[in-house]
Protein chains: 2
Amino acid sequence: MLTKKGKYGLKAMVHLAAREPGEPSLVSEIAEANNIPKKFLDTILGELRNAGFVNSKKGKGGGYTLARSAHLIRVGHIIRILDGPLAPIQCASKTSYRRCDDCTDERHCGVRILMLEAREALATVLDNRTLAEMRAAAQDDELILSYVI
Amino acid sequence: MLTKKGKYGLKAMVHLAAREPGEPSLVSEIAEANNIPKKFLDTILGELRNAGFVNSKKGKGGGYTLARSAHLIRVGHIIRILDGPLAPIQCASKTSYRRCDDCTDERHCGVRILMLEAREALATVLDNRTLAEMRAAAQDDELILSYVI
DNA sequence: CCCCATCCTCACGATTCAATAGGAATTGCT
DNA sequence: AGCAATTCCTATTGAATCGTGAGGATGGGG
Ligand code: FES
Ligand code: FES
């Protein structure tokens, strides 16, 4: 599940990607534009900053900007920071693997094999889409149709 | 995330699929073999029974059996019963759609478009794998290698 | 009638999620 | 220096969900 934290974070990143690079956006501005509780977004952007996805500047004229070009930011990375590993189960995660206590033979565990496949499918989508592509898809009407059909 | 409920349920179903059709398995037997808390598995199998995936028989000689052949049971369906919709976010779900309160224009929402894709990828994997295939993959060594590589 | 095993409902502690509160720190402007 | 704007930090709260356990009701087999 994508939590609200992840959802809000993604929306905020899209918002930032829509800006001229270097033009900072205020938290309050992003919050209002996307119907996100301001204080909540505050902490979310803090995490994104600690993770190096955005830069921030305090005081008057401050705000948040993308740390890199939107073409270089993969959506999967953002989600991992905010919501944790993509894999549906820990034993199938590549970035933060952990063994299952209840499974004796991991290599013959049907659940794990299935979830490895699921994780792969998910990662293929999320790690190949960049923030720029995500924003483009949201603006372009034709692209939307191709998804819906 | 696949919860423990989903995981235990899948493991139990695999266990049942390994039986001769018609041979019932006891809850206690499945629980022991897979290191699942018996009482928890009890309720899980109850839900699977209400959903029509397994049949049950009380009393001596009773237990659980698959309601249909393992070839006809899709893994995605089991997960949906136990853990809810596959889609990472409600507005991207086909089986239990719900609108997002905070998004004004759903058709131009980048998050939703992305998650539609993610849901599709996940469903392609989980709705095409049957219980029988899952069990086979767990037994067969060669198949495992092809996944790992 | 007596086992046996499923069935049902409730209840609990722990964890996570979503949001809020309150203020400290930093920057720009005058 | 002083003020206003804005990020930054930490803690707390309330609600929901998760994982599990207790106790007993129900019903079939012999
Ligand atoms: S090893 Fe993780 S589910 Fe079996
Ligand atoms: S419509 Fe659901 S995330 Fe925007």
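Residues numbered from 1 in each chain as written. Chains lettered and ligands numbered in written order. Predicted model: local features only at pLDDT ≥ 70, side-chain atom pairs only at ≥ 80, totals over all residues. Heavy atoms only, no water.

**Some thoughts on the pattern of salt bridges**
Note the cut-off: Here, a salt bridge means any Lys or Arg side-chain nitrogen found within 4 Å of an Asp or Glu carboxyl oxygen. Think of it this way: any DSSP run of H or I at least four residues long counts as a helix, any run of E at least two long counts as a strand, and we number them from the N terminus. Exposure is judged per residue with a 1.4 Å probe applied to protein chains only, and the accessible area is read against the type maximum: over 50% gives exposed, under 20% gives buried, and values in between give partly exposed.
A full pass over the atoms with the stated rule returns 16 salt bridges over all chains. Notably, a salt bridge pairs Asp-102 of chain B with Lys-7 of chain A, separated by 2.8 Å at the nearest N-O pair. One end of the pair, Asp-102 of chain B, is in the loop between helix H4 (75-83) and helix H5 (110-126); the other, Lys-7 of chain A, is in helix H1 (residues 4-17), on a second chain. Classification of Asp-102 of chain B by relative accessible area gives buried; the value is 8%. On the accessibility criterion, Lys-7 of chain A (8% relative accessible area) is buried. For Arg-80 of chain B, the salt bridge is made with Asp-127 of chain B, and the minimal N-O distance between the two is 2.5 Å. One end of the pair, Arg-80 of chain B, is in helix H4; the other, Asp-127 of chain B, is in the loop between H5 and helix H6 (131-139), with 47 residues separating them in the sequence. On the basis of relative accessible area, Asp-127 of chain B is assigned to the buried category, the value being 17%. Through salt bridges with shared partners, a single ionic network connects Lys-7 and Lys-11 of chain A together with Asp-102 of chain B.

**Some points on empty space enclosed by the protein**
Empty space among the atoms becomes visible once a probe the size of a water molecule is rolled across them. All names here are of chain A. For the record, the criterion: Here a cavity is any set of points on a 1 Å grid over the protein atoms alone where a 1.4 Å probe fits but cannot get out, and a pocket is any open set with protein on both sides within 12 Å along at least 5 of 7 lines; a residue lines the site when it has an atom within 4 Å of a point. Grid points are joined across faces, edges and corners, and a volume is the space filled by probe spheres set on the points. In this count, Pro and Cys sit with the nonpolar residues alongside Ala, Val, Leu, Ile, Met, Phe, Trp and Tyr, while Asp, Glu, Lys and Arg are called charged and the others, Gly among them, polar.
Considering all chains together, one arrives at 1 cavity of 30 Å³ or more under this definition. Considered as a void within the structure, the largest cavity measures approximately 40 Å³ in volume. Looking at the largest cavity, the residues that line it are Cys-91, Arg-99, Cys-100, Cys-103, Glu-106, Cys-109 and Arg-112. For the lining of the largest cavity, the per-class residue count stands at 4 nonpolar, no polar and 3 charged.

**Describing the relation of the copies chain B and chain A**
To keep it simple, the criterion reads: The fit set for superposing copies consists of C-alpha atoms from residues with pLDDT of at least 70 in both; the fit itself is least squares. Residues are treated as being in contact if the distance between any of their heavy atoms lies within 4.5 Å.
After a rotation of 180 degrees and a shift along the axis of 0.0 Å, chain B superposes on chain A with an RMSD of 0.0 Å. Such values leave the two copies arranged in the relation of a two-fold axis. Here 100% of the contact residues of chain B are again contact residues in chain A; the copies associate through an equivalent surface.

**Digging into the packing of helix H5 (residues 110-126) of chain A against H6 of chain B**
Just so we agree on the cut-off: To obtain each axis, a line is fitted to C-alpha atoms, and for helices this fit is confined to the stretch in contact; angles are then taken between N-to-C directions over 0 to 180 degrees. Oblique is the label for every angle not falling under 35 degrees (roughly parallel), over 145 degrees (roughly antiparallel), or within 65 to 115 degrees (roughly perpendicular).
One way to put it is that H5 of chain A packs onto H6 of chain B with a least axis distance of 8 Å and a crossing angle of 105 degrees. One way to sum up the angle between H5 of chain A and H6 of chain B is to call them roughly perpendicular. Here Gly-110, Val-111, Ile-113 and Leu-114 of chain A of H5 of chain A come into contact with H6 of chain B, specifically with Met-134, Ala-137 and Ala-138 of chain B.

**Some details on the nonpolar core**
Counted only if it meets this: Nonpolar core, defined: a set of buried Ala, Val, Leu, Ile, Met, Phe, Trp, Tyr and Cys residues in which side-chain atoms within 4.5 Å join the residues together.
Counting residues in each nonpolar core, the largest one holds 92 residues, and the members touching the most others are Met-115 and Leu-131 of chain A together with Met-115 and Leu-131 of chain B. If we ignore the near neighbours within four places in the chain, the residues touching Met-115 of chain A are Pro-88, Ile-89 and Ala-92 of chain A together with Leu-2, Leu-10 and Ile-79 of chain B.

**Let's talk about the interface of chain B and chain A**
Stated formally: The term buried area denotes the loss of accessible surface (1.4 Å probe radius) that occurs when two parts are joined, taken as the sum for both partners. Here a polar contact is taken to be a pair of N or O atoms separated by no more than 3.5 Å, where protein atoms must pair a possible hydrogen donor with a possible acceptor and residues adjacent in sequence count only if both atoms sit in side chains.
Counting from both sides, the interface comprises 38 residues of chain B and, opposite them, 38 residues of chain A. For the pairing of chain B and chain A, the buried interface totals around 3500 Å² over both sides, and the portion due to carbon and sulfur atoms is 69%. The largest share of the area that chain B buries against chain A comes from Asp-102, Leu-114 and Glu-117 of chain B, three residues that together contribute 17% of it. Counting the contacts that link chain B with chain A gives 6 salt bridges. Glu-117 of chain B is the salt-bridge partner of Arg-129 of chain A, the closest N and O atoms lying 2.4 Å from each other. In this assembly, chain B and chain A are joined by 10 residue pairs in polar contact (both at pLDDT 80 or more). Within the residue set of the side of chain B that touches chain A, elements represented by two or more residues are helix H1 (4-17), H4, H5, H6 and helix H7 (141-148) of chain B. The element contributing the most residues to the side of chain B that touches chain A is H5 of chain B, with 11 residues. Each residue belonging to the side of chain B that touches chain A can be placed in one class, and the counts come to 25 nonpolar, 6 polar and 7 charged.

**A look at the protein's contact with DNA strand C**
Stated precisely, the cut-off is as follows: Here a residue is near a molecule or strand as soon as one of its heavy atoms is found within 4 Å of it.
Taken together, 22 residues lie near DNA strand C, and Lys-39 of chain A together with Val-27, Arg-49, Ser-56 and Tyr-64 of chain B sit nearest. Counting only atoms of DNA strand C within 4 Å of the protein, the sugar-phosphate share comes to 71%. The separation between a phosphate oxygen of DNA strand C and a polar main-chain atom of Val-27 of chain B is 2.8 Å. Counted by class, the surface near DNA strand C contains 6 nonpolar, 5 polar and 11 charged residues.

None of this, on its own, says anything about what the molecule does.
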